[in-house]
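Working through the structure, step by step
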Amino acid sequence: MSGQRISQFPAASSAQPGDELVANQSGTTRKVTVGQLRAGLAPASHTHGVADIVGQIPPSRLDQAGATTGQVLKWNGSAWAPAADEAGTGGGSVAWSAITGIPAAIDAIDNLTPAADRIAYYTGANAAALTPLTSFARSLLDDTDAAQARATIGAAPSSHTHAVADIVGQIPPSRLDQAGATIGQVLKWNGSAWAPAADETGTGGGSVAWSAITGIPAAIDAIDNLTPAADRIAYYTGANAAALTPLTSFARSLLDDTDAAQARATIGAAPAAHSHAASDVSDFNAATRGQVEGMLVAGANISLSYTGTGATRQATIAAVASSASYVSVTANRALTAADNGRVLEGGASDVTLTVPAGLGKGFSCLLRRVAAGNLTATAGTGVTFAPAAGPVATTAQWDEIAIECVADSGTAATFLVRRIGG
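Calculation rules
Residues numbered from 1 in each chain as written. Predicted model: local features only at pLDDT ≥ 70, side-chain atom pairs only at ≥ 80, totals over all residues. Heavy atoms only, no water. Helix = DSSP H or I, 4+ residues; strand = E, 2+ residues; numbered from the N terminus. Buried < 20%, exposed > 50% of the residue type's maximum accessible area, 1.4 Å probe, protein only. Contact = heavy atoms within 4.5 Å. Areas by Shrake-Rupley, 256 points an atom, 1.4 Å probe, with all protein chains shown as cover. Pairing = 2+ DSSP bridges. Salt bridge = Lys/Arg side-chain N within 4 Å of Asp/Glu carboxyl O. Axes fitted to C-alpha atoms, helices over the stretch in contact; angles between N-to-C directions. Polar contact = N/O pair within 3.5 Å; in protein donor to acceptor, adjacent residues only side chain to side chain. Core = buried A, V, L, I, M, F, W, Y, C linked by side-chain atoms within 4.5 Å.

So, on to the overall build of the chain. Along its length, the chain carries 8 helices and 24 strands. Residue burial in the chain is summarised as follows: out of 422 residues, 17% are buried. Counting only contacts in the chain whose residues sit at least 6 apart along the sequence, the fraction spanning at least 24 positions is 32%. Approximately 28,400 Å² of the chain is accessible, and the part contributed by carbon and sulfur atoms is 56%.

On to the sheet that holds strand β18 (residues 351-355), then. Pairing is mixed in the open sheet, where 4 strands are placed in the order β16-β18-β20-β22. Bordering the open sheet on either side are β16 (333-334) and β22 (392-393), each of which pairs with just one other strand.

A few words now on the pattern of salt bridges. A complete count under the given rule lists 7 salt bridges for this structure. Ionic pairing is found between D339 and R333, a salt bridge with its closest N-O pair at 2.9 Å. Owing to a relative accessible area of 28%, R333 belongs among the partly exposed residues under this scheme. Here E345 and R368 are joined by a salt bridge, their closest N and O atoms 3.4 Å apart. With a gap of 23 residues between them, E345 in strand β17 (residues 343-345) and R368 in strand β19 (residues 364-368) connect regions that are remote in the sequence. For R368, a relative accessible area of 8% puts it in the buried group. One salt-bridge network, in which partners are shared between bridges, spans R333, D339 and R342.

Here strand β8 (residues 186-189) pairs with strand β9 (residues 194-197) via 4 bridges, running antiparallel. In the sheet register, K188 faces β9, and the bridge partner there is A195. Taking the residues between adjacent antiparallel strands as the criterion, β8 and β9 are bridged by 4 residues, where G191 takes a positive phi near 110°.

Here we take up the sheet that holds strand β23 (residues 400-408). The strand order across the open sheet formed by 6 strands is β15-β17-β19-β23-β24-β21, and the pairing between neighbours is mixed. Bordering the open sheet on either side are β15 (326-328) and β21 (383-387), each of which pairs with just one other strand. Looking at each pair of strands side by side, their axes are set apart by 25° on average, direction ignored. As defined by bridge partners, β21 adjoins strand β24 (residues 413-420) across 5 bridges and the pair is classed as parallel. Paired with T384 across the two strands is T414, which belongs to β24.

Moving on, we get to helix α7 (residues 260-267). Its side-chain oxygen at 3.3 Å from the backbone nitrogen of A261, D259 defines the N-terminal cap of α7. Two residues or fewer after α7 comes G268, characterised by a positive phi angle close to 65°.

Among the nonpolar cores identified, the biggest contains 21 residues, and L335, L353, L367, I403, F415 and V417 are the most heavily contacted of them. Elements with a contribution of two residues or more to this core: β18, β19, β20 (375-379), β21, β23 and β24. Apart from the residues lying within four places of it in its own chain, the contact partners of L367 are L344, L353, L375, A377, D399, E400, I401 and I403.

Within the fold, D339 resides in the loop between β16 and β17. The exposure class of D339 is buried, given its relative accessible area of 1%. Not counting the four nearest positions on each side in its chain, D339 is found in contact with R333, A334, L344, F363, S364 and C365.

Let's shift gears to unusual backbone geometry. In the segment running from A386 into P387, the intervening peptide bond is cis, with an omega of -5°. Here P387 lies in strand β21. Even without a glycine there, the phi angle at A65 is positive, about 55°. Its relative accessible area of 48% is what places A65 among the partly exposed residues.

Structure (structure tokens):
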């Protein structure tokens, strides 16, 4: 095979070291043997160290080497070989008890005993506990923003507004801003807004001229139209009319009295019901006394009561208040406390009035026949009449019976009862 061109050279596996390769370069013939060429090249079958590998070997270039799904390459003590993913029972799983070096924070959660509606939380760097987690709380946990959370709890944003209709109750003046107001000013509508201004129209400063006031009530205007004078007082003569009347210093001395007793003291008067000692009456013999008593008892709006007998006998005269103190009696009945000071007048039929105990000392009234019917006073249980010993009755028109209680224990009483002829 010597002297062959390269194109004529046999396959490398059958070439011999002495075979020559001939080439012509620029008219010059060159020869090289197979042995010479092989000396500068690596043999067809050779090895490389790790350092001779350029770049990273991709996992796809690794041979399956009999591995099954889920296995890994694991050093078996002499070589890398397919094996289970984890140590333990195999099949890609491991028992919790086989794990070592569990972090303390994870172990703290593991030591808890779960319960319904509870969530774990840390109480320290390596300690944990359970706290309730209600369905309501869980409805908050799935909210994606603050707006959803406010909707869940029915709350408004921290910065929000309200219409006047949303305000409950009245707004106190203390919540109003001063708005530049000075002492004495008020809030007044200026045409576009409420703003501090003088208290009243007119001269300002919180006052107003009388002439600037409109709509004065007629009753006040009636007083204003009067011309005051010394010792005069205004009084109304109609719904919208007034006049002046004298008010003397004496009248003013009555006006400052606080009760009837002070008024009586001012005018030097005794109470309507009062008594006199016998020494206060001159020439008051029995005949005169009888005549006076008869006139007083027969008089209109007068009641008469007595104490004592003989020379020490006293008469108490009291004015009956009004025509309302005249009472018509048309049926039998007992006297009552309401009859004290009254004149009881009979009618067309006879009437009996029982005088009971318990009316009290000082009770007095007058029975008067004014028509055909007679009036009879009769003693009730525990009652004694004097000077008469039994019932006392009228016998003719205008006869009167004077009744006065002079002693009363509540269950026993003595009444002075006498008929006064007409």
